[in-house]
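Working through the structure, step by step
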Amino acid sequence: MQGFGIHASMWTMTWDHAGAERAIAGARKYQLGFIEIPLLDAPSVDAGYTRALLEKNNIRAACSLVLPEPAWASRRPDAAILHLETAIDKAAEMGAEALTGVTFGGTNERTGSLPTQAEYDNLARALEAAARRAKSRGIQLGIEAVNRYENHLINTAAQAVALVERIGMDNVFVHLDTFHMNMEEKGAANGILAARDHLKYMHMSESDRGAPGAGNVPWDSIFVALSAIGFKGALVLESFVGMPKEMAGDISTWRPVARDEEEVMGDGLSFLRGKAAQYGMKDFGA
């Protein structure tokens, strides 16, 4: 999966027929190559309907999730395996190419203490089992580093790399997010360089989760690093303009982060495409 994509949250977080139609039509309107589908409730997703829509519109897909508390891998690895395997099977049925996101835990998962070796052992056990299932279904499995206020286990590119290398399977990759990197890395470029051998997926999100180019993320440093490593993966615009109220607490977003869709997709997407062209990333288009 290569090029620019979009997280479906621009249009919906509920992947029913209406949400799928709206989001896939939006991705096609802005000439994006793929869409990231949130699997908040994988069993309820109509995989056949989604696959047909994707094929009709010539749009590729990845899926993403955050583990719910009953399936946090650090505490309940067996439950995490079951949850991830269900999502992997659904992603495969939809024709998606990857399952990524906070595949190791939750966005409200903090113990108030330093991570323990036992927690990391549980993560590795759960994700290795999930990776085996994913490989059997032709699915790539991503691990997204998120900020310290959301999770205490995987905050940096180096931590994500360590987990990927411990799992040791060729279908497991690092997923970075500029919103989280802006808080956690000692320079966003350093995070990209640290993950270079495993980095396949980037969330391109502004410092307030609004339109890229309108905040504090050091975009020039990010694109210099991506160009330097010859990045060939996915650049996914992620903004939560249409965030439903029930999701606000999961990512601590309490106010509108952009004026409307046009600000993010018109200004923000154009900004990202311009930066890719500026730094010679020809395969990503201008």
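The paragraphs below set out a description of the structure included in this document. Fair warning: this is a prediction, and the values are worked out from it, not measured in the lab. (Residues numbered from 1 in each chain as written. Predicted model: local features only at pLDDT ≥ 70, side-chain atom pairs only at ≥ 80, totals over all residues. Heavy atoms only, no water.)

Turning our attention to the overall build of the protein. Counting its secondary structure elements, the protein contains 10 helices and 8 strands. Relative to the globule expectation of 19 Å for 286 residues, the C-alpha radius of gyration of the protein, 17 Å, shows essentially globular dimensions. Taken along the three principal axes of its C-alpha coordinates, the protein extends 45 × 45 × 35 Å. Expressed as a percentage of the 286 residues in the protein, the buried residues total 57%. If you take every contact in the protein between residues at least 6 apart in sequence, the share linking residues at least 24 apart comes to 78%. Per element, the accessible surface of the protein, about 11700 Å² overall, is 48% carbon and sulfur. Placing the 28 positive and 36 negative side-chain charges of the protein at their respective mean positions leaves the two points 3 Å apart. (Helix = DSSP H or I, 4+ residues; strand = E, 2+ residues; numbered from the N terminus. Rg over C-alpha atoms; globule rule 2.2 N^0.38 Å. Buried < 20%, exposed > 50% of the residue type's maximum accessible area, 1.4 Å probe, protein only. Contact = heavy atoms within 4.5 Å. Areas by Shrake-Rupley, 256 points an atom, 1.4 Å probe, with all protein chains shown as cover. Lys, Arg positive; Asp, Glu negative; His and termini not counted. Charge placed at Lys NZ, Arg CZ, Asp CG, Glu CD.)

Next up on the list: the sheet that holds strand 1 (residues 3-7). The 8 strands are arranged 1-2-3-4-5-6-7-8 in a closed barrel whose pairing can be described as parallel. On average, adjacent strands in this sheet sit at an angle of 30° to one another, irrespective of strand direction. Looking at chain direction, strand 7 (residues 199-204) and strand 8 (residues 234-237) are connected through 4 bridges and run parallel. For Met 204, the partnering residue across the bridge sits in strand 8 and is Leu 237. Docked against the sheet, helix 7 (residues 188-195) engages strand 6 (172-177) and strand 7, running at close to 175° with respect to strand 6. (Pairing = 2+ DSSP bridges. Axes fitted to C-alpha atoms, helices over the stretch in contact; angles between N-to-C directions.)

Attention now moves to the pattern of salt bridges. Enumeration over the complete set of coordinates arrives at 13 salt bridges. The salt bridge partner of Asp 89 is Arg 137, with a shortest N-O separation of 3.0 Å. Taken together, the positions of Asp 89 in helix 3 (residues 77-94) and Arg 137 in the loop between helix 4 (117-136) and strand 5 (140-144) put the pair 48 residues apart, joining distant regions of the chain. Using a relative accessible area of 16% as the deciding quantity, one classes Asp 89 as buried. The exposure class assigned to Arg 137 is partly exposed, which follows from its relative accessible area of 35%. The closest approach of N and O atoms between Arg 209 and Glu 150, which form a salt bridge, is 3.0 Å. (Salt bridge = Lys/Arg side-chain N within 4 Å of Asp/Glu carboxyl O.)

Our focus in this paragraph is helix 1 (residues 17-29). Here helix 1 contains 13 residues, and its C-alpha end-to-end distance of 18 Å stays within 8% of the 18 Å for a straight helix at 1.5 Å per residue. Looking only at helix 1, the buried set comprises Gly 19, Ala 20, Ala 23, Ile 24, Gly 26 and Ala 27. One side of helix 1 carries all its buried residues, which in axial view fall inside an arc of 155°. Against the buried residues of helix 1 lie strand 1, strand 2 (34-38) and helix 2 (47-57). (Expected span 1.5 Å × (residues − 1). Arc of directions from axis to C-beta.)

A separate point is the side chain of Thr 50. Note that Thr 50 resides in helix 2. Take Thr 50: its relative accessible area is 1%, and that puts it in the buried class. Contacts of Thr 50, omitting those with residues within four sequence positions, involve Trp 15, Ile 37, Val 45 and Met 94.

This paragraph deals with the packing of aromatic side chains. Any pair of aromatic rings gets described here by the distance separating the centres and the angle formed by the planes. On inspection of all chains with the given rule, the structure shows 6 aromatic pairs. Consider the rings of Phe 231 and Phe 284, whose centres lie 6.2 Å apart with planes at 15°: the pair is stacked. Taken together, the residues span a long stretch of sequence, with Phe 231 in the loop between helix 8 (219-228) and strand 8 and Phe 284 in the segment after helix 10 (261-278) at a distance of 53 residues. Both residues of the pair, Phe 231 and Phe 284, count as buried. (Phe/Tyr/Trp six-rings, centres within 6.5 Å; stacked < 30°, edge-to-face > 60°.)

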